Amino acid sequence: QVQLVESGGGLVQPGGSLRLSCVASTSMFRLYDMGWYRQAPGKQRELVADITRGGRINYGDSVKARFTISRDNAKDTVYLQTNSLEPDDTAVYYCVADLIKQSSWGPGTQVTVSS
C-alpha cells in the first residue's frame, strides 16, 4: 500500500479554477497507474480522470475539455487542473494509485463551487 496525500481543494466561484495535487509515498511511483475520482453527497463515486504509467489518459464524460490530468514522476505527484468549474463539480476529490490490481486511496480533498 502506498500513502497518498491530496491538496489544493477549497471554495471557488463558478467559472473558477483549482489545481489539485496528490503526492505518493513510494519510490516506485513511475510504475503506478494514477487517477482522480470524486464523490458528491448522496451520489456514487465517479471517475474524473486517470493516467497510466505509460501516459495514456482517460476522462470522465462530465469533465472532458475542462479538466486536465498530468503526472510528474520525478516528484511522485499527480495533478488535476480543473477549469470552468461548475456547482455540479462540488465533491470530495480522491486520488488513487493502482499497481497489479491493488488500489490505494487518499483521504480526499473537498472542492466546493459556489457563489
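Our subject is the structure that appears above.
Residues numbered from 1 in each chain as written. Predicted model: local features only at pLDDT ≥ 70, side-chain atom pairs only at ≥ 80, totals over all residues. Heavy atoms only, no water.

## Topic: the nonpolar core
Logical step 1: Counting residues in each nonpolar core, the largest one holds 29 residues, and the members touching the most others are Met34, Trp36, Val78, Leu80 and Tyr93.
Logical step 2: Within the residue set of this core, elements represented by two or more residues are β3 (18–24), β4 (33–39), β5 (46–51), β7 (67–72), β8 (77–82), β9 (91–99) and β11 (109–113).
Logical step 3: Per-element accounting of this core gives the leading share, five residues, to β9. (Core = buried A, V, L, I, M, F, W, Y, C linked by side-chain atoms within 4.5 Å. Buried < 20%, exposed > 50% of the residue type's maximum accessible area, 1.4 Å probe, protein only. Helix = DSSP H or I, 4+ residues; strand = E, 2+ residues; numbered from the N terminus.)

## Concerning the packing of aromatic side chains
Logical step 1: In this structure the tally under the stated criterion is two aromatic pairs.
Logical step 2: Ring geometry for tyrosine 94 against tryptophan 105: centres 6.5 Å apart, planes inclined by 80°, an arrangement best described as edge-to-face. Here tyrosine 94, found in strand β9, pairs with tryptophan 105, found in strand β10 (residues 102–105); they are eleven residues apart in sequence, far enough to count as distant.
Logical step 3: The buried category is assigned to tyrosine 94, whose relative accessible area is 14%.
Logical step 4: The exposure class of tryptophan 105 is partly exposed, given its relative accessible area of 36%.
Logical step 5: Among the aromatic residues, those joined into a ring-pair cluster are Tyr37, Tyr94 and Trp105.
Logical step 6: When the ring centre of tyrosine 79 is taken as origin, the NZ or CZ atom of arginine 19, which lies over that ring, is 3.9 Å away.
Logical step 7: The ring of tryptophan 105 has arginine 45 sitting right over it, with the charged end atom 4.7 Å from the ring centre. (Phe/Tyr/Trp six-rings, centres within 6.5 Å; stacked < 30°, edge-to-face > 60°. Lys NZ or Arg CZ within 6 Å of the ring centre and 35° of its normal.)

## Topic: the pairing of β10
Logical step 1: Pairing analysis gives four bridges linking β9 to β10, with the strands arranged antiparallel. Its bridge partner lying in β10, valine 96 is registered against tryptophan 105.
Logical step 2: Adjacent in sequence and paired antiparallel, β9 and β10 are bridged by two residues, among which isoleucine 100 carries a positive phi angle near 50°. (Pairing = 2+ DSSP bridges.)

## Let's talk about the environment of threonine 109
Logical step 1: Examined against the element boundaries, threonine 109 turns out to sit in strand β11.
Logical step 2: For threonine 109, a relative accessible area of 9% corresponds to the buried category.
Logical step 3: The sequence separation of threonine 109 and valine 2 amounts to 107 residues, and the corresponding C-alpha distance is 17 Å.
Logical step 4: In contact with threonine 109, not counting residues within four places along its chain, are Glu6, Ser7, Gly8, Gly9, Leu20, Ala91, Val92 and Tyr93.
Logical step 5: Among the polar contacts made by the side chain of threonine 109, one reaches the main-chain amide nitrogen of glycine 9 at a distance of 3.2 Å. (Contact = heavy atoms within 4.5 Å. Polar contact = N/O pair within 3.5 Å; in protein donor to acceptor, adjacent residues only side chain to side chain.)

## Some remarks on the pairing of β8
Here is the key point about a regular strand: its side chains alternate between the two faces of the sheet.
Logical step 1: The buried fraction of β8 amounts to five of the six residues, a majority that puts the element mostly inside the structure.
Logical step 2: Sheet analysis places β3 next to β8, joined by six bridges and oriented antiparallel. Residue pairing for β8: arginine 19 is matched across the bridge by glutamine 81.
Logical step 3: Inspection of the sheet shows β7 paired to β8 by six bridges, in the antiparallel sense. Of the residues in β8, the one forming a bridge with serine 70 is tyrosine 79.
Logical step 4: Between β7 and β8, which pair antiparallel in sequence order, lie four residues; one of them, aspartate 76, sits at a positive phi of approximately 55°.

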